Amino acid sequence: MDLDALKAARQKGLQKLLPDRPRVAVGLATCGIAAGGDRVYAALEAAIRDRGLDMELAKVGCIGYCREEPLVNIQIPGKPCVILHRVTEADAEEIVRAVAAGDVPRRLALCRVETWDPLVGEKLDFGTGFDDIPAYADIPYFAPQRKIVLRDAGFINPEDIDEYFAVGGYRALYKALTEMTPEAVIDEVIASGLRGRGGAGFPTGTKWNFTKVEKSLRKYIICNADEGDPGAYMNRNEMESDPHMILEGMLIGAYAIGAREGIIYVRAEYPLAIARLTRAMEEARAHGLLGKNIFGTDFSFELTLAEGAGAFVCGEETALIASIEGKTGRPRPRPPFPAQKGLWGMPTNINNVETWTNIPVIISRGGDWFAGIGAEKNTGTKVYSLVGEVQRVGLVEVPLGTPIRTLVYDVGNGGIDGRDIKAVQTGGPSGGCIPASLFDTPMDYEHLTAVGSIMGSGGVVVMDETTSMVDTARFFIGFTHEESCGKCAPCREGLKHMLMILDKILSGKATRENLDLLEELSGTIKKTSLCGLGQTAPNPVLTTLKYFRNEYDATLKGAK
Amino acid sequence: MDTARLNEIVERYPAPAGKILGILEQVQREVGYLPKDILQFLAKRLEVSLSELYSLATFYSFFTLAPLGEHVVTVCMGTACHVKGAPELVATLKRLLGVEVDEVTRDGKFLLTTEDNHFSLTSARCFGACSMAPVLRVDNKIFGYITPDRIPAILEQFGWKESQHRGS
Ligand SMILES: Cc1cc2nc3c(=O)[nH]c(=O)nc-3n(C[C@H](O)[C@H](O)[C@H](O)COP(=O)(O)O)c2cc1C
Ligand code: FES
């Protein structure tokens, strides 16, 4: 493939994405399918066929408004793209009848999109009209959002590389390979300020340099797609809705670092993500974007997919590497870091899915452009999965530094059935519970840590007055206790002990001394555990003790 | 599963990365568990010790060493599902499937199979369908926004009969 071929591929993709006849596209990520999207697709297919209508039917990923699924996009040439929501198979006839007449059923319309900016390529101009349908930017769920990572999600067919070309796909890779030195690529990533989205927030460009400077004939890069935090599914959607963006990010990273081989490690619970990534890799290979001499340069790269097998701790980088090697996934002490001794003992750079997806736009638009989004030392956006006791659930992408309040109330529209929201839990089992009184806290790495929680991978679970915080703490300790690999004693034995105390508290038999011991144990486990699992496992207990002490006190013996 | 099929699976992995787990996963998917004779065969074929394969099979929750029921009902016990009432779903399922024995370990994990081997009931960490919490999965199909009263109709799709399975 060369530049001309890339341009031709884009034109071909545009004909699919913006055809000169109507296009009906159903959101078919795991969530859309479970909501009945596959039945809607089948019904639309039958209705179009039975009437012999001249229109395209396509599959797209998920735009993130999961509460409103199944979602169907209607594109009539010259008209805005209209997103229909809560569509059922019974609506199929009505939809195709309207579309055939150049219209959309108003009762199903959620919003209209006139133009869409894929950031790395030319804008998509859908058209104008249908002014009575609310504009995308006026929908409260979308208004505060800024889509960078999920810019294609819900618009393009993730199973067709041509549509990724249509939105400027692989152009950043072309630029990196033909116009930039590996050093210049790393400088750009450093300038962007991008930090790892897998939890710890380590500066990505700096990390790449660690592996780059190692002298070794073989180096590896890994995409961490283990997404272990329960209640979080950003990475799943990133893989299911736009798999090529991950591949492109990894290719650019491999070029910068000097790696010729990469591995995507995906959890086995995500069969659709695995299928779409596998397909994306096959298509990329067929276009010469994986393999030897990519874009006719000296750069060659091979990518493999490895499946996890259901162990939370395998999301930790050293355990993940052991798992790829076919061993039980137990973390080992660092140093040596993977950058020095990683997969098969070779220098290895590992990043989260969402970290990789940020790379193409940084190369395409420049590090400074990216650094202008977000907050001080927290550049770019973050995708959150907003779930639990909140009205509008789904995936939300906002600039880093956005207050919790915006997420919970503006996007999420507050509690269900008028109930008061009590707290949000961020960061998964390593995070903590943040009370409503602190909802002005900006969601960035430092501020979330300051209130006792962490950013983590982006899970935000909303809890209301019906949620018991002691039970929540017990839930997480039960989780980390179960998932502890058992290698180090503080984590293995300490968490078991904490669980016993929490059970005692929940059964109303605990004393104040038990609470003190719980707090003390938490401190010890944090300080002495081998890996991040144990070092952060007590956080849910510590934050609930700090902010919801009254709920613990109320259970104490003789409290009533 | 015969030797030819096993060899076919092994040969799908030319690269070492992800090979052993990938092979075991495929066997688990096709056979429904990891039978001893297959593990013995694979140990020889892959030149690893049998005990190594056993430690993988017990460390990773994806694997089981005993056959599961014909249909596997998995309840998500992730955070969103927990907050939205997953424990209630488990209680209801146990009652409907007549597997009410309270041998749940303290970490909440369980694997229970009905007497006629028609259903197994187990838990998972998260399906990544958290927006639809609480969620359960039967075989490979995910069902969202579940309330206890919706469960019988779902089970019926997989051959559940009240008279046959429900506990007393
Ligand atoms: C117990 C534990 C579980 C983890 N799980 C994940 C995970 O599921 N996904 C992930 O990307 N990182 C996870 N991490 C963090 C990784 O070790 C690593 O820091 C990360 O993949 C680096 O990528 P980044 O720099 O792009 O964030 C986990 C860490 C620990 C200690
Ligand atoms: S918490 Fe149940 S699907 Fe994620």
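Asker: Report on the environment of Leu407 of chain A, specifying residues and quantitative values.
Answerer: Residue and element names in this part refer to chain A. Following the sequence through the fold, Leu407 ends up in helix H16 (residues 404-411). Among the residues examined, Leu407 registers a relative accessible area of 1% and is labelled buried. Through-space distance from the C-alpha of Leu407 to that of Met443 is 9.5 Å; in sequence the pair is 36 residues apart. Leu407 has contacts with Tyr384, Leu386, Val396, Val398, Gly412, Met443 and Val460, leaving out every residue within four places of it along the chain.

Asker: Lay out the interface of chain A and chain B in plain terms, naming residues and giving numbers.
Answerer: Across the boundary between the two partners, chain A contributes 57 residues, which contact 35 residues of chain B. Taking both sides of the interface into account, the surface hidden between chain A and chain B amounts to around 3900 Å²; carbon and sulfur atoms contribute 57%. Between Arg125 of chain B and Glu483 of chain A there is a salt bridge; the shortest N-O distance is 3.6 Å. Our enumeration of links across chain A and chain B arrives at 13 residue pairs in polar contact (both at pLDDT 80 or more). Elements with a minimum of two residues in the side of chain A that touches chain B: helix H2 (30-34), strand S10 (302-307), helix H12 (317-324), strand S14 (381-388), strand S18 (459-464), helix H18 (469-483) and helix H19 (489-506) of chain A. Per-element tally for the side of chain A that touches chain B: the top contributor is H18 of chain A, with 9 residues. Its residues placed into classes, the side of chain A that touches chain B shows 30 nonpolar, 14 polar and 13 charged.

Asker: Residue-level account of the sheet that holds S14 of chain A, with values.
Answerer: Residues and elements named next belong to chain A. Judged by pairing direction, the sheet is mixed, and its 5 strands sit side by side in the order S15-S14-S18-S16-S17 without closing on themselves. One side of each edge strand has no neighbouring strand; the edge strands of this open sheet are strand S15 (394-399) and strand S17 (432-435). Across the sheet, the mean angle from the axis of one strand to that of its neighbour is 30°, orientation sign disregarded. Judged from the 4 bridges that link them, strand S16 (residues 421-426) and S17 form a sheet pairing that is antiparallel. Residue pairing across strands places Val424 opposite Ile434, the latter belonging to S17. Against the sheet, helix H9 (residues 234-241) contacts S14, S15 and S18, and its axis sits at roughly 115° relative to S14.

Asker: Give a description of helix H3 (residues 36-46) of chain B that names residues and reports values.
Answerer: All names here are of chain B. When we look at burial in H3, the residues that qualify are Ile38, Leu39, Leu42, Ala43 and Leu46. Along the axis of H3, the buried positions cluster into a sector of 140°, meaning they face one direction only. Facing away from the buried side of H3 by over 90 degrees, the exposed positions are Lys36, Asp37 and Lys44. Elements that come into contact with the buried residues of H3 comprise helix H1 (3-11), helix H2 (19-31) and helix H4 (50-59).

Asker: If you had to explain the site of ligand 1 to someone new, which residues and values would you point to?
Answerer: Residues and elements named next belong to chain A. Close to ligand 1 lie 18 residues; Gly198, Lys207, Asn351, Asn352 and Thr355 are nearest. Between ligand 1 and Lys207, the relevant distance is 2.8 Å, taken from an oxygen atom to a side-chain nitrogen or oxygen of the residue. In isolation ligand 1 has 610 Å² of accessible area, and contact with the protein removes 88% of it. If you list the elements that add at least two residues to the shell around ligand 1, you get strand S11 (348-352) and helix H21 (532-536). Partitioning the shell around ligand 1 into residue classes produces 3 nonpolar, 9 polar and 6 charged.

Asker: Lay out the pattern of salt bridges in plain terms, naming residues and giving numbers.
Answerer: This structure, assessed with the given rule, holds 46 salt bridges over all chains. We note a salt bridge from Glu89 of chain A to Arg39 of chain A, for which the minimum N-O separation is 3.1 Å. Here Glu89 of chain A, found in the loop between strand S4 (81-84) and helix H4 (92-100), pairs with Arg39 of chain A, found in helix H3 (residues 37-51); they are 50 residues apart in sequence, far enough to count as distant. Residue Glu89 of chain A is classed as partly exposed on the basis of its relative accessible area, which comes to 36%. According to the relative accessible area criterion, Arg39 of chain A is partly exposed, its value standing at 42%. Between Lys327 of chain A and Glu325 of chain A there is a salt bridge whose closest N-O contact spans 2.7 Å. Since its relative accessible area comes to 17%, Glu325 of chain A is described here as buried. Taken together, the shared-partner salt bridges connect Glu389, Asp417, Arg419 and Asp464 of chain A together with Lys84 of chain B into one network.

Asker: Tell me what's going on with the domain arrangement of chain B, and back it up with residues and numbers.
Answerer: When its domains are assigned, chain B resolves into domain 1 (3-59) and domain 2 (71-165). Distance between the C-alpha centres of domain 1 of chain B and domain 2 of chain B: 29 Å.

Asker: Outline the state of the cysteines, listing residues and values.
Answerer: Residues and elements named next belong to chain A. Taken as a whole, this structure holds 0 disulfides over all chains when the rule is applied. The thiol of Cys488 is not disulfide-bonded; the next cysteine sulfur, from Cys491, is found 5.0 Å away. Of the cysteine sulfurs around Cys531, a residue in no disulfide, the closest is that of Cys485, at 6.3 Å. Cys531 gets classed as buried once you look at its relative accessible area, which sits at 11%.

Asker: Please provide a residue-by-residue account of the packing of H19 of chain A against helix H20 (residues 512-528) of chain A, values included.
Answerer: Residue and element names in this part refer to chain A. Interhelical geometry of H19 versus H20 gives an angle of 160° and a closest axis separation of 10 Å. With respect to each other, H19 and H20 are oriented roughly antiparallel. Once H19 is placed against H20, the crossing between them reads as left-handed. Taking contact as the criterion, the partners of Pro490, Gly494, Leu495, His497, Met498, Ile501, Leu502, Lys504 and Ile505 in H19 are, on H20, Asn514, Leu515, Leu517, Leu518, Leu521, Ser522, Ile525 and Thr528. Looking at the contact of H19 with H20 residue by residue, the classes come out as 11 nonpolar, 5 polar and 1 charged.

Asker: Account for the packing of aromatic side chains, naming residues and giving values.
Answerer: Two aromatic rings are characterised by how far apart their centres lie and by the angle between their planes. All names here are of chain A. In this structure the tally under the stated criterion is 21 aromatic pairs over all chains. Ring geometry for Phe299 against Phe301: centres 6.2 Å apart, planes inclined by 10°, an arrangement best described as stacked. By the burial criterion, Phe299 is buried, and Phe301 matches it. For Arg267, the ring lying beneath its charged end belongs to Tyr270, and the centroid distance is 4.8 Å. Against the face of Tyr384 rests Lys382, its NZ or CZ located 6.0 Å from the ring centre.

Asker: Explain the nonpolar core residue by residue, including any values.
Answerer: Counting 157 residues, the largest nonpolar core has Tyr170 and Ile264 of chain A as the members making the most contacts within it. Broken down by element, this core gets its largest block of residues, 10 residues, from helix H10 (residues 243-257) of chain A. Beyond its immediate sequence surroundings of up to four residues, Ile264 of chain A is in contact with Cys223, Ala225, Leu247, Met250, Leu277, Met281, Leu303, Thr304, Leu305 and Ala306 of chain A. Of all hydrophobic cores here, the second largest spans 63 residues; its members include Phe479, Cys488 and Val541 of chain A together with Leu42 of chain B.

Asker: Quick rundown of H1 of chain B? Include the residues and the values.
Answerer: Because an α-helix completes one turn every 3.6 residues, residues spaced three or four positions apart along the sequence face the same direction. Residues and elements named next belong to chain B. Three or more residues of H1 are buried, namely Leu6, Ile9 and Val10. Down the axis of H1, the smallest arc covering the buried residues is 100°, so these residues share one side. Facing away from the buried side of H1, by more than 90 degrees, are the exposed residues Ala4 and Glu11. Turning to H1, the residues buried within the fold contact H2 and H3.

Rules of the game
- Residues numbered from 1 in each chain as written.
- Chains lettered and ligands numbered in written order.
- Predicted model: local features only at pLDDT ≥ 70, side-chain atom pairs only at ≥ 80, totals over all residues.
- Heavy atoms only, no water.
- Helix = DSSP H or I, 4+ residues; strand = E, 2+ residues; numbered from the N terminus.
- Buried < 20%, exposed > 50% of the residue type's maximum accessible area, 1.4 Å probe, protein only.
- Contact = heavy atoms within 4.5 Å.
- Buried area = accessible area lost by both parts, 1.4 Å probe.
- Salt bridge = Lys/Arg side-chain N within 4 Å of Asp/Glu carboxyl O.
- Polar contact = N/O pair within 3.5 Å; in protein donor to acceptor, adjacent residues only side chain to side chain.
- Nonpolar A, V, L, I, M, F, W, Y, C, P; charged D, E, K, R; others polar.
- Pairing = 2+ DSSP bridges.
- Axes fitted to C-alpha atoms, helices over the stretch in contact; angles between N-to-C directions.
- Arc of directions from axis to C-beta.
- Near = heavy atom within 4 Å.
- Areas by Shrake-Rupley, 256 points an atom, 1.4 Å probe, with all protein chains shown as cover.
- Domains from an automatic or database assignment.
- Disulfide = S-S within 2.5 Å.
- Parallel < 35°, antiparallel > 145°, perpendicular 65-115°, else oblique.
- Left-handed = near helix turned anticlockwise from the far one by under 90°.
- Phe/Tyr/Trp six-rings, centres within 6.5 Å; stacked < 30°, edge-to-face > 60°.
- Lys NZ or Arg CZ within 6 Å of the ring centre and 35° of its normal.
- Core = buried A, V, L, I, M, F, W, Y, C linked by side-chain atoms within 4.5 Å.

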